[in-house]
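One-letter residues, chain by chain:
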Amino acid sequence: MLRLGIYVTFLMLLVLVTPMRQVYATTSEPVSDVRILIDVSGSMKKNDPNNLRSPALRLIVGLLPADAKSGVWTFGKYVNMLVPHRETNDAWKLEAERQSNQIHSYGLFTNIEQALNKATANQKGDNPNYRRSVILLSDGLVDVSTNEETNKKSRQRIIDDIVPRLKKANVSVHTIALSDTADHALLRSISLATDGWYEQVDTAE
């Protein structure tokens with residue numbers, strides 16, 4: 001947990017402190033908008049047997065400033081909003097801490113495409129009032145079907161459609177690969193293309 005905590009702390013510093021890619025003539029500092037996507041697929045039973053994703057989420061929540069905006073989504077076959085996206089005031093943080101206990105490892109498939117799309121659905125264009133970040137924690141390949149060709153098409157849509165949209169909207173995607181069998185090439189490319197940060201964590205501990 002210490003090592004993961006260090007990574008999360010460093011990641012949050014990047015999310016909250018890293019300056020925007022462009023300089024805007026605004027009268028106030030942009031508000032941090034942090035969207036957290038957590039893999040709950042069945043393979044997490046092996047790669048995170050003690051469910052350290054729960055305390056990791058609580059750590060992130062504790063680091064968010066009160067004037068930020070954030071939301072939490074879990075994903076397997078389907079994407080579910082665990083904590084609604086809104087201002088991270090005391091009430092939101094209490095709800096996020098409570099919902100962190102609902103993180104599980106029972107999901108089928110690993111639909112990264114749908115997770116990215118749903119969590120950023122309202123981020124179509126750039127908005128200089130916000131410093132936008134996505135934290136994506138996953139241990140798997142793009143896995144949406146038993147049909148390998150369907151999986152390949154989903155992976156390609158992430159590269160061809162989602163990543164350019166997020167880059168245009170000034171959204172940095174920070175990826176944490178919690179397995180040596182993850183699609184490191186994809187996760188790394190998503191982060192690099194959006195000025196995000198990529199890290200492979202071999203074990204949840």
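Just above sits the structure.
Please read all numbers here as calculations on a predicted model, not as lab measurements. (Residues numbered from 1 in each chain as written. Predicted model: local features only at pLDDT ≥ 70, side-chain atom pairs only at ≥ 80, totals over all residues. Heavy atoms only, no water.)

Counting its regular elements, the chain contains seven helices and six strands. The buried share of the chain, taken over its 205 residues, is 50%. Long-range pairs, those at least 24 residues apart, make up 74% of the contacts in the chain with a sequence separation of at least 6. Only carbon and sulfur atoms are counted for the fraction: they give 54% of the accessible area of the chain, which is about 9,800 Å². (Helix = DSSP H or I, 4+ residues; strand = E, 2+ residues; numbered from the N terminus. Buried < 20%, exposed > 50% of the residue type's maximum accessible area, 1.4 Å probe, protein only. Contact = heavy atoms within 4.5 Å. Areas by Shrake-Rupley, 256 points an atom, 1.4 Å probe, with all protein chains shown as cover.)

This paragraph deals with the pairing of strand β2 (residues 69-75). With six of its seven residues buried, β2 lies for the most part within the structure. As paired strands, strand β1 (residues 31-39) and β2 are joined by seven bridges and run parallel to one another. By the bridge assignment for β2, V34 is matched with S70. The pairing of β2 with strand β3 (residues 79-87) spans six bridges and is classified as antiparallel. Looking at β3, one finds that T74 is bridged to N80. The antiparallel hairpin formed by β2 and β3 contains three residues in its connecting segment. (Pairing = 2+ DSSP bridges.)

Generally speaking, a soluble globular protein has its nonpolar side chains buried in company with each other. L37, F75, I112, L116, I158 and I190 are the most contacted members of the largest nonpolar core, which totals 24 residues. The set of elements that each furnish at least two residues to this core consists of β2, α5 (112-119), β4 (130-138), α6 (148-168), β5 (171-177) and α7 (184-193). If near-sequence neighbours (up to four positions away) are discounted, F75 is found in contact with L37, I38, D39, V40, S41, T110, N111, I112, A115, L136, L137 and S138. I36, M44, L52 and L57 belong to the second-largest nonpolar core, a separate cluster that totals 22 residues. (Core = buried A, V, L, I, M, F, W, Y, C linked by side-chain atoms within 4.5 Å.)

The next subject is the packing of helix α3 (residues 53-63) against helix α4 (residues 90-99). Contact pair α3 / α4: the axes reach a minimum separation of 9 Å and the direction vectors enclose 170°. Accordingly, the angle class assigned to the pair α3 and α4 is roughly antiparallel. When α3 is examined against α4, the residues L57, R58, V61 and G62 are found in contact with a partner set consisting of W92, K93, A96 and E97. (Axes fitted to C-alpha atoms, helices over the stretch in contact; angles between N-to-C directions. Parallel < 35°, antiparallel > 145°, perpendicular 65-115°, else oblique.)

Summarising the element assignment, S70 is placed in strand β2. The class for S70 is buried, based on a relative accessible area of 0%. Reaching out from S70, the side chain makes a polar contact with the backbone oxygen of V34 at a distance of 2.6 Å. S70 has contacts with V34, I36, L64, P84, H85, R86, T88 and W92, leaving out every residue within four places of it along the chain. (Polar contact = N/O pair within 3.5 Å; in protein donor to acceptor, adjacent residues only side chain to side chain.)

The next point concerns the sheet that holds β4. Here we have six strands laid out as an open sheet, ordered β3-β2-β1-β4-β5-β6, and mixed in their pairing. Only two strands of the sheet have a single neighbouring strand rather than two, namely β3 and β6 (198-200). Ignoring strand direction, the axes of neighbouring strands in this sheet form an average angle of 10°. Across the sheet, α4 is in contact with β2 and β3; its angle to β3 comes to roughly 160°. Helix-sheet contacts for α7 involve β4, β5 and β6, and the interaxial angle to β5 is about 155°.

Turning our eyes to something else, we now look at α7. For α7, every residue scored as buried is listed here: H184, L186, L187, I190 and S191. Packing partners of the buried residues in α7 comprise α5, β4, α6, β5 and β6. Just downstream of α7, D195 is the residue with a positive phi angle, here 60°.

Considering all chains together, one arrives at five salt bridges under this definition. Where E95 meets R98, a salt bridge forms, and the shortest distance between an N and an O atom there is 2.9 Å. Here E95 pairs with R98, and both are found in helix α4, just three residues apart, close to one helical turn. In this structure R98 comes out as partly exposed when scored by relative accessible area, which is 48%. (Salt bridge = Lys/Arg side-chain N within 4 Å of Asp/Glu carboxyl O.)

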